[in-house]
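Each chain, written out:
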Amino acid sequence: MRSDKLSKRENAVMGAVFTLSQGKERFLVSPYELLAVLPGREKFDEENLERVLHALELDGYFEMVFSDRKGEKTYCIQMREAGLAFRRQDIRRKRDAAVRLLFAAAGGLLSAVVGLLLKMILS
């Protein structure tokens, strides 16, 4: 699930944030909870995670405040419109890609049939 506007790392982090939000607009999450949800192939540490979270915040996906919950660093995240629409945009992007692939396959098939017909007619 990848958004066209986001890098691969930003997309992975936004997917993790969206998953942990469970449809809520405001929620608390620790960096370790986010790191646990991120795909294993993406090498993240806490510093990289904060950098990507800050970039997503600047892009308007959510607002974030750092907090301390029983000695553990915690992010207070409030989703914004772009963050709440993240999954819907991803579904739309996949649907558009499927339609493009279908048209490409149909065009290839049509050109092959026309080529065979022309070959039969001209030989």
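Look up a bit, the structure's there.
We now turn to the structure provided with this report.

Reading the values: the criteria
Residues numbered from 1 in each chain as written. Predicted model: local features only at pLDDT ≥ 70, side-chain atom pairs only at ≥ 80, totals over all residues. Heavy atoms only, no water. Pairing = 2+ DSSP bridges. Helix = DSSP H or I, 4+ residues; strand = E, 2+ residues; numbered from the N terminus. Axes fitted to C-alpha atoms, helices over the stretch in contact; angles between N-to-C directions. Contact = heavy atoms within 4.5 Å. Salt bridge = Lys/Arg side-chain N within 4 Å of Asp/Glu carboxyl O. Phe/Tyr/Trp six-rings, centres within 6.5 Å; stacked < 30°, edge-to-face > 60°. Buried < 20%, exposed > 50% of the residue type's maximum accessible area, 1.4 Å probe, protein only. Lys NZ or Arg CZ within 6 Å of the ring centre and 35° of its normal.

### Remarks on the sheet that holds strand β3 (residues 72-79)
Spatially, three strands are ordered β1-β3-β2 in an open sheet, and the strand pairing comes out antiparallel. Strands at the two margins of the open sheet, each flanked by one partner only, are β1 (26-29) and β2 (62-69). Here the strands of the sheet are splayed against their neighbours by 25° on average, with no regard to which way each runs. Sheet topology places β2 next to β3; eight bridges connect them, and they run antiparallel. Bridging from a neighbouring strand, M64 pairs with I77 of β3. Its contacts with the sheet put helix α3 (residues 46-58) on β2 and β3, and the angle it makes with β2 is roughly 140°.

### Notes on the pattern of salt bridges
In this structure the tally under the stated criterion is four salt bridges. One continuous salt-bridge network, built from bridges that share partners, spans E46, E50 and K73.

### Considering the packing of aromatic side chains
All chains considered together, the criterion is met by two aromatic pairs. Summarising the aromatic geometry, the rings of F66 and Y75 are spaced 5.4 Å apart at their centres and angled 65° between planes, so their arrangement reads as edge-to-face. The class of F66 is partly exposed, set by a relative accessible area of 46%. Taking relative accessible area as the criterion, Y75 reaches 0% and is therefore assigned buried. The positively charged end of R9 is found above the aromatic ring belonging to F44, 4.2 Å away from the centroid.

### What about the environment of R95?
With respect to the element layout, R95 can be found in helix α5 (residues 86-122). Overall, R95 belongs to the partly exposed group, its relative accessible area being 48%. Through-space distance from the C-alpha of R95 to that of M64 is 31 Å; in sequence the pair is 31 residues apart.

### Things to note about the environment of A106
Positionally, A106 belongs in helix α5. Note on A106: relative accessible area 41%, which makes it partly exposed. The spacing of A106 and D96 is ten residues in sequence and 15 Å in space, taken between C-alpha atoms.

Shape is all these values report; function is a separate question.
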